Amino acid sequence: MSWVRVAVTGMTAFNNVQQGRYAKAQAGLQAAMSDYQAQVEQDNALKTAEIIRRAGRKQVGQANAAYAAAGVKVGEGSALETERYIEQGVESDAFQALLGGDRRAAGLRLDGQLARIDGSMQKTAGYVNAVGTVLSGVQSYMRQSGGWKTGPVTKRDLDAANRSSDPLGELNRIKGWT
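Scope of this entry: the structure provided in the associated data block. The residue count restarts for each chain, going from 1 along the sequence in the order it is written. In view of the model being predicted, local features appear only for residues whose pLDDT reaches at least 70, and side-chain atom pairs are presented and counted only at 80 or more, with totals across whole chains, interfaces and linings using the full set of residues. Hydrogens and water are ignored here; the side-chain numbers use all heavy atoms of the structure.

Re the overall build of the protein
When you go through the protein residue by residue, the secondary structure sums to four helices and zero strands. Ordered by position from the N terminus, the helices and strands of the protein form the series α-α-α-α. A total of 178 residues make up the protein; the buried ones form 22% of that total. Contacts between residues were defined by any pair of non-hydrogen atoms, one from each residue, lying within 4.5 Å. A separation threshold of at least 6 residues defines the contact pool for the protein, and within that pool the share at least 24 residues apart is 71%. Carbon and sulfur atoms provide 58% of the accessible area of the protein, an area that totals close to 12300 Å². Elements are defined by DSSP. Helices are runs of H or I of four residues or more, strands are runs of E of two residues or more, and each kind is numbered from the N terminus. Summary of the burial criterion: residues with accessible area below 20% of their type's maximum are buried, those above 50% are exposed, and those between are partly exposed, where the area comes from a 1.4 Å probe applied to protein chains only. Surface accessibility in these figures is a Shrake-Rupley result with a 1.4 Å probe; residues are shielded only by whichever protein chains are displayed.

Describing the environment of Gly100
Counting through the fold element by element, Gly100 comes out in helix 2 (residues 77-145). Residue Gly100 is classed as buried on the basis of its relative accessible area, which comes to 17%. For the pair Gly100 and Glu41, spaced 59 residues apart in sequence, the C-alpha separation works out to 8.9 Å.

Remarks on helix 1 (residues 3-69)
Helix length check: helix 1 (67 residues) gives 98 Å between terminal C-alpha atoms against 99 Å at 1.5 Å per residue, within 8%. Directly after helix 1, the chain includes Gly71, whose backbone phi takes a positive value near 85°. Expected span, for any helix, means 1.5 Å times one less than how many residues it has.

The structure is reproduced here in structure tokens:
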């Protein structure tokens, strides 16, 4: 095997490993970005829920002020029912904001997990490809140097071996492995 072929095989194998490492690092960055975006979504949902609740308290205050200005006793009867109705709507809206933020965050976290898995798989694939490159180079060398004088086992070889009383011995004889 010439030194050029060894160098090319080695560089190709090294390149396969480096591509796998790079893909894993890139996937790690993508996963970190997804995790960050998930946290931002949850923070935004909390802020939105707080804004909704603050607006709800203001609305309850305005309704109570309007009832008081009209001479209706606040905290009883219709005024109390209106207050409860507003508070239920506000809490429902705040809950929906939180739920939506949690769902978006969960989706982003899942994207991050999938990116990490993909990166690990690509790193493994880089190592597997590197081993394949080295084995291919060795096989090529062995064929050119005469180390492997026979080709693959064919159907004809197997049929001839099966007709013999010693199939394995016959196959070895046909292929010249003994």
